[in-house]
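# Commentary on secondary and tertiary structure
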Amino acid sequence: MNMEKKTKKTAKVRQIDCKLITTTVKKLFIEANTSLGKDVIEALRKSLPQEESATGKEVLVKIMENADIACRSKMPMCQDTGLAVVFLEIGQDVHIVGGNLREAIDEGVRQAYAEGYLRKSVCDPLTRKNTQDNTPAIIHVDIVAGNRLKIIAMPKGGGSENMSAAKMLTPAAGSDGIKKFVLETVEQAGANPCPPIMVGVGIGGSLEEACILAKKALLRPVGEANSKDERLVQMEKELYTGINDLGIGPGGLGGRVTTLAVNAEMMPCHIASLPVAVNIQCHVARHKEVIL
Amino acid sequence: METPRKIKTPLTEEVIASLHAGDMVLISGEVYTARDVAHRRLYEALLKGEALPIDLPKSVIFYAAPTPTPPGKAIGSIGPTTSYRMDFFTPKLIENGLKGMIGKGSRSPEVIAALQKYGAVYFGAIGGIAALSARCVQKAELIAYEDLGPEAIRKLIIVDFPAIVINDTLGNDLYAQAQKKWRVNR
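Calculation criteria
Residues numbered from 1 in each chain as written. Chains lettered and ligands numbered in written order. Predicted model: local features only at pLDDT ≥ 70, side-chain atom pairs only at ≥ 80, totals over all residues. Heavy atoms only, no water. Salt bridge = Lys/Arg side-chain N within 4 Å of Asp/Glu carboxyl O. Helix = DSSP H or I, 4+ residues; strand = E, 2+ residues; numbered from the N terminus. Core = buried A, V, L, I, M, F, W, Y, C linked by side-chain atoms within 4.5 Å. Buried < 20%, exposed > 50% of the residue type's maximum accessible area, 1.4 Å probe, protein only. Domains from an automatic or database assignment. Contact = heavy atoms within 4.5 Å. Polar contact = N/O pair within 3.5 Å; in protein donor to acceptor, adjacent residues only side chain to side chain. Buried area = accessible area lost by both parts, 1.4 Å probe.

## Quick notes on the pattern of salt bridges
Per the stated rule, a full pass over the model turns up 31 salt bridges over all chains. With its nearest N and O atoms 2.5 Å apart, the salt bridge here joins E115(A) to K26(A). Of this pair, E115(A) sits in helix α5 (residues 101–115) while K26(A) sits in helix α2 (residues 18–34); the two residues are 89 residues apart in sequence, bridging distant segments of the chain. A salt bridge links R40(B) to E44(B), with the nearest nitrogen and oxygen atoms 3.4 Å apart. Of this pair, R40(B) and E44(B) both sit in helix α2 (residues 36–48), 4 residues apart, which is roughly one turn of the helix. Residues joined by salt bridges that share partners form a network here, namely E103(A), E107(A), R110(A) and D133(A).

## What about the nonpolar core?
The nonpolar side chains of a soluble globular protein tend to be buried, and buried together. I27(B), I102(B), F123(B) and I153(B) are the most contacted members of the largest nonpolar core, which totals 88 residues. Top element by residues in this core is strand β7 (residues 153–167) of chain B. It accounts for 8 residues. A domain split of this core shows at least three residues from each of domain 1 (2–34 + 77–156) and domain 2 (159–285) of chain A. Filtering out sequence-adjacent residues up to four positions away, I27(B) remains in contact with I7(B), T9(B), I102(B), F123(B), I158(B), V159(B), D160(B), F161(B) and A163(B).

## Quick notes on the side chain of Q79(A)
For Q79(A), the position within the fold is in the loop between α4 (54–73) and β2 (83–91). Reaching out from Q79(A), the side chain makes a polar contact with the backbone nitrogen of G79(B) at a distance of 3.0 Å. In terms of polar contacts, Q79(A) uses its side chain to reach the backbone carbonyl oxygen of P80(B), at 3.4 Å. Once you skip the residues sitting within four places of it in the chain, Q79(A) turns out to touch R119(A), A65(B), P66(B), T67(B), S77(B), I78(B), G79(B), P80(B), T81(B) and A130(B).

## Examining the interface of chain B and chain A
On the side of chain A, 44 residues touch chain B, which itself brings 45 residues to the contact. Summing the contributions of chain B and of chain A, the shared interface buries around 3,600 Å²; its carbon and sulfur component is 60%. When the buried area of chain B at its contact with chain A is split by residue, I126(B), Q179(B) and W182(B) rank highest and sum to 17% of it. At the junction of chain B with chain A, the criterion picks out 1 salt bridge. When the shortest N-O distance is used, the salt bridge between E187(A) and R183(B) registers 2.5 Å.

Honestly, it's all geometry; don't read function into it.
So, in structure tokens, the structure goes:
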């Protein structure tokens, strides 16, 4: 982690005010919803000559045109401006002051979705009554070395999240079992999650850790292979080819380009288990981050 | 690329019968937005024999919930949501006169059968291009279920909204056909 290196020598406790966290979260969610990452735009551009279907090509062109219009007119790229997922990397020498961290983040989300004209898409699971301000945010925290705070905002759409899945495989299933599960999940999703998609794969840990790994994998830039494990580089390549061979294509209307990237992350697990999670991301792959 | 065919809502029986899976269309006219909870309410009203807040016969429903309308615009960003979530309620709506749906993603065998039986059509639009699609919406008016916020039913006037016929009155399914055609078996 860059941020760990930078702060290695300074053990001094640093104060970060909740007000700064709120304004940062607000800015990140508005930006993420209106401006697509350069890596995704580049991947879309590169996918165009690979697409052989005329309809598929047209869909890819429209996706790029939409990203351009959204960015220039500051309009959300998609009407589903997502569940507000926040990843925090909190340096152990950071002291949050001036309020409550959870409330500071929710307030940032509240302001972003109100002032940024973003859709409020959060509701009670049973009554389906809207919470009206897109809170609560989903917050994942990692405690790291140093005295900095990294905030990642990831507005996650419901359509692609609905097509995601987790499964506890048996150790006997091995890497073939993992690949089979990923391919089955993507095939079943078909046109539903707005292809071309990105696929995050989390392997190992526990049930919940596999899911978090899969979501974190989606934060890695498109086109960047796993840097920690050569076996995953190979698996990512095989899955990328296997998924594009499914023929789902842009918009699900048939074609060569079904996924722009497969990013996998892995960690050790229990001797009895092989947890696998597949987190599907639509082509509007949104996330913005800042280090305070 | 074929030139898209311009069609108007309300859809006539003649137009519906002439639409086939894979046809590119530009839709103009009135459509209603309705999705998850609005569908449950419409469905329950039909079961109870209550009056509906929309004129269902010959209508087209767009599975969509836009972002809030910024000042000076007709609507915020808008595009299709995934259709299968409405599958449970859809045959009942078709039985009661619904003639067209705009959404994304595949439909259940029950919906496909209802399209054939009652003569209706399912159009697919491209998801995630909502800033672009918003340009096809000339007017948006709140009609019912205001408490649902973005999920409320709105009447939209759309102009040349691009879509593609996914399921027609003959039982064809474009998604299945297209994916089969492009699948590579190594």
